[in-house]
Structure formats: structure tokens, C-alpha cells
Amino acid sequence: MKNTNNLKKILVFLVVLTSLLFFSPQTYAQSNLPLVVYPARNQIEVEPGEKHYLTINFYNQLDQPISGYFKVADFIVDNKNGEPRLIDDVNLAPPKYAASSWISLLYDKATLPANERVRLQLTISVPKDVKPGGKYAAIFFQSGETLPDRSIPEQKGIGTALRIASLIYIKVKGPITEKAFISRFFAPKFFEYGPIKVEFDIYNRGDYHITPKGTVSLADFFNNPVEKKLIEEKNVFPDSVRTYQLNLGKKWLIGKYKTNLSVFYGETGQALTSSLEVWVFPWRVALVIVLTLIIITLLIKHFYKDLIKKEINLEKELEKEKQEIEKLKAALRRKQE
């Protein structure tokens, strides 16, 4: 009876696992819309009043056609991971960076043939009175007969169940303010083991997105270099914060260490620096070593005392035997006389 119940449990588990693998929404969605867009990002420079023409390719990898809509949307970056968020409603986009109203499409509805690409041509009409700086928009294709008017996160040029987008970074030429600073440089004050994990945030207050470059270095108490790493190159969009993380040093570190952050950004190579100090001490290992040394010391002390005691007893026995030998010698002399 017990074996029968166990068999039933195993069968139920296998059925649930199979349903999760073959009938999960994510697997079904991805198998029904494997789309690719290229280029996934378009970076252009324009003059006020200029018209710029751009071509974006949407490729259908399915063996059947897909019908849907093309649409222009603005996007913003309001998280520390740098993930863009599409804004379908132009009235909800920040006017300073919105560019969707500049873009016109030749058509907004299409059917992507099976295993074929569709080239979408668009025109960017830059207003004459626009101020220099960064403007941002996205062109996306969404499958279906109707296009819902709601915001869905952009998927960085990788096929998703609902839509796939190509981002457009527009730089309007002219005097641009480049201003950024390190808003946070953090590491715990104490580590038991390495590596030392550091985090820092860069806040862009300029008019255009930046791609900071630089290094984070680690030095010991005597200022001897331990390790230096390049920071990952990431876009930091205007009025947004981007988080960076790094691990420095190996596992076995001990003492006081200093981390130095040096970053350059913008066309003129403006510099940002910061530093912090941390302590690393493997206290558990140290405690085991200290306790081991104490035990060894106590054992040595104990054996030493036993050894001294044995030597004293041996000397006493030898002295006693020497006295007895002297007595025997004296008795032997008396007999001979």
C-alpha cells in the first residue's frame, strides 16, 4: 500500500512538471512570436530643422506570416538598471526628451512574411526651434488585429510575446550641458573574506546620455596595488541613475584596504573620483588558530611539567641508589679489615 502511494505521488509530480515545461505561457508565447529587429539601437546626430531618413528591419523567424502594427513611442529610463520603459501616450512623455512626434512612418500596419524581413522606412523631421541635447524614441512592431493603448516595457531588441522595439537615440547638435556625479559609492565597512564587493551610482544631470569609462582599484594598508578593474560601459540617460557593481581582490585578504573610483565621461572627458576604506579580517579562521595555539601551548606546558617532574624523581632515585651503593662499599671495606 505504501509503495502504491509513493508511485502515485511520483506520477503526479511528473504530470505537473510536464505541464510546466510544455504548456507554460512563456514557452508558448516565445514559440509563437520569434521576431528579430536590427539595428536594435540607432544613434544619430541631427541639426535643428533637418530631415533624417532611417531604415529598420523586422525579421520573422516563423514558418508562417505574422500580422500586426508598427508604432512610434517615446521612452524613458526610470530605474537604476538602465531598462527603457516605452510610453505610448505622447502626452505622458517628458517634453524635454520626447521625439516620437518627429517621426512619421510610411505605413503602420503590415504582415511579416514567413522567414522574411520587412524594411520599415521612417522620416525624422527635426523642429527648427528645438534645443540641443538628447531626444529619444522607439519604433516597435506588435502582433494582433488591434493595438492596445498601454505601456509595455521594451525588450532591448529581443523577440517577446507582445512586441519588439528598436530604440532611436537622437542628438540635436549644439551646446550641450554635460553634468554628472557619483551619487553613491558604497561597500560594507567590514568583510570576513574577500573579494570586496563595491557598488556605485552615477547620476546624469546633463542633456544627453553618457557612457562613463574608468576603473576601480584596490590597495592595501601600505598603498601597494592589489587589483584594478575597468567598469562596465553602460549608458546613463539624462535625469537617471545607473548602478554599477564590482568585486575586487581574492578570498584571502587581511587588514585595511582602500578602494579608489576614477571615472571619465562626456566629450571633454570630465572626471569623477571617490574613495572608501574597508577592513578585511577572517575572524573565524583567526579564532580557530588562536584556540589551536592555546591548546598546543597548554599541552606543551602540561608535558613540560610532567617531564620536569619525571626528571626530578629520576634524580632522587639516582641519588638514593648512589647512597645505597656508598653504604655497600663502606660495609665491604669493614669486612675486609
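Residues numbered from 1 in each chain as written. Predicted model: local features only at pLDDT ≥ 70, side-chain atom pairs only at ≥ 80, totals over all residues. Heavy atoms only, no water.

What about the overall build of the protein?
Applied cut-off: Each helix corresponds to a stretch of at least 4 residues labelled H or I by DSSP, and each strand to a stretch of at least 2 residues labelled E; elements are numbered beginning at the N terminus. Using a 1.4 Å probe on the protein chains alone, a residue whose accessible area is under 20% of its type maximum counts as buried, one over 50% counts as exposed, and one in between counts as partly exposed. Residues count as neighbours in contact if any of their non-hydrogen atoms are within 4.5 Å of one another. Here the open area of atoms and residues is found with the Shrake-Rupley method and a 1.4 Å probe, where only the protein chains shown may cover a residue.
Of regular secondary structure, the protein possesses 3 helices and 18 strands. Scored against the burial criterion, the 337 residues of the protein give a buried share of 36%. Considering only intrachain contacts with a sequence separation of at least 6, the fraction spanning at least 24 residues in the protein is 72%. Surface summary for the protein: the accessible area is close to 21300 Å², and the carbon and sulfur share equals 58%.

Comments concerning the pattern of salt bridges
Pairs can form between side chains of opposite charge once their charged atoms are near each other. Quick note on the threshold: Within this document, salt bridges are pairs made up of a side-chain nitrogen of Lys or Arg and a carboxyl oxygen of Asp or Glu, the two lying within 4 Å of each other.
As enumerated under the stated definition, the model contains 11 salt bridges in all. Measuring nitrogen to oxygen at the nearest pair gives 2.3 Å for the salt bridge that ties K171 to E267. One end of the pair, K171, is in strand β10 (residues 163–172); the other, E267, is in the loop between β17 (255–265) and β18 (270–280), with 96 residues separating them in the sequence. The buried category is assigned to K171, whose relative accessible area is 11%.

Concerning the pairing of β17
Remember that side chains alternate between the two faces of the sheet whenever the strand is regular. Keep this limit in mind: The criterion for strand pairing is that DSSP finds at least two bridges linking the strands in question.
Bridge count for strand β14 (residues 213–219) against β17 is 7 bridges, and the pairing is antiparallel. Residue pairing in the sheet places A219 in a bridge with K258 of β17. Where β17 folds back onto β18 in an antiparallel hairpin, the turn is made up of 4 residues, including G266, whose phi is positive at roughly 80°.

Remarks on unusual backbone geometry
For the bond running from Y38 to P39, omega is -5°, close enough to zero to count as cis. Checked against the element boundaries, P39 lands in the loop between β1 (35–38) and β2 (41–46). Cis rather than trans, the peptide bond between G194 and P195 has omega equal to -5°. Within the element layout of this structure, P195 appears in the loop between β12 (190–191) and β13 (196–204).

With respect to the packing of aromatic side chains
The criterion, for reference: When two rings of Phe, Tyr or Trp (its six-membered ring) have centres within 6.5 Å they constitute a pair, described as stacked for plane angles under 30 degrees, edge-to-face for angles over 60, and tilted for the intermediate range. Note on criteria: charge over ring means Lys NZ or Arg CZ within 6 Å of the ring centre, with the direction from the centre no more than 35 degrees off the ring normal.
Taken as a whole and judged by the stated rule, the model has 16 aromatic pairs. Residues F75 and F237 carry aromatic rings whose centres are separated by 5.9 Å and whose planes lie at 85° to one another, so their mutual orientation is edge-to-face. Highlighted residues: F75 in strand β4 (residues 66–76) and F237 in the loop between β15 (225–230) and β16 (240–248), separated in sequence by 162 residues. The pair F75 / F237 is uniform in exposure class, with both members buried. Linked through ring pairs, F75, Y136, Y169, Y208 and F237 together constitute an aromatic cluster. A cation over a ring is seen here: K234 above Y244, with NZ or CZ 4.9 Å from the ring centre. In this structure, K251 packs its charged tip against the face of Y193, placed 5.3 Å from the ring centre.

A word on the sheet that holds β16
Strand pairing in a sheet takes place through backbone hydrogen bonds and is either antiparallel or parallel in direction. Cut-off, in case you're wondering: Axes, fitted as lines to C-alpha atoms, cover a helix only where it is in contact. Angles between the N-to-C directions of the axes lie from 0 to 180 degrees.
The antiparallel open sheet is built from 3 strands, whose spatial order is β11-β13-β16. Both outer strands of the open sheet, β11 (180–186) and β16, are each paired with one neighbouring strand and no more. Each adjacent strand pair in this sheet contributes to an overall mean axis angle of 20°, direction not counted. By the bridge criterion, 6 bridges tie β11 to β13 in an arrangement that is antiparallel. By the bridge assignment for β13, R184 is matched with D201.

Digging into the nonpolar core
Note the threshold: Residues enter a nonpolar core if they are buried and are Ala, Val, Leu, Ile, Met, Phe, Trp, Tyr or Cys, with the set joined through side-chain atoms within 4.5 Å.
In terms of nonpolar packing, the biggest core is built from 29 residues, with F58, I124 and I139 touching the most fellow members. Elements with a minimum of two residues in this core: β1, β2, β3 (51–60), β4, β7 (109–112), β8 (117–125), β9 (133–143) and β10. Excluding its chain neighbours within four sequence positions, the residues that come into contact with I124 are I44, E50, K51, H52, W102, I103, I168 and I170. The next biggest cluster of nonpolar side chains, apart from the first, holds 26 residues, and it includes A180, I202, L272 and L276.

Comments concerning the sheet that holds β18
Strands sit in the order β12-β18-β17-β14-β15 across an open sheet of 5 strands; the sheet is mixed. Sheet topology places β12 and β15 at the edges, where each strand pairs with a single neighbour. When β14 meets β15, the two strands line up antiparallel, connected through 5 bridges. Among the inter-strand pairings, V216 is bridged to a residue of β15, identified as K229.

With respect to the side chain of T123
Summarising the element assignment, T123 is placed in strand β8. Here T123 falls in the buried class, since its relative accessible area comes to 17%. Once residues lying within four places of it in the same chain are set aside, the contact partners of T123 are K51, H52, Y53, W102, I103 and S104.

What about the pairing of β3?
As paired strands, β1 and β3 are joined by 4 bridges and run antiparallel to one another. Across the sheet, residue V37 finds its bridge partner in β3, namely F58. With 9 bridges joining them, β3 and β8 adopt antiparallel strand pairing. The residue bridging Y59 from the neighbouring strand is R117, located in β8.

That is the geometry; function is a separate question.
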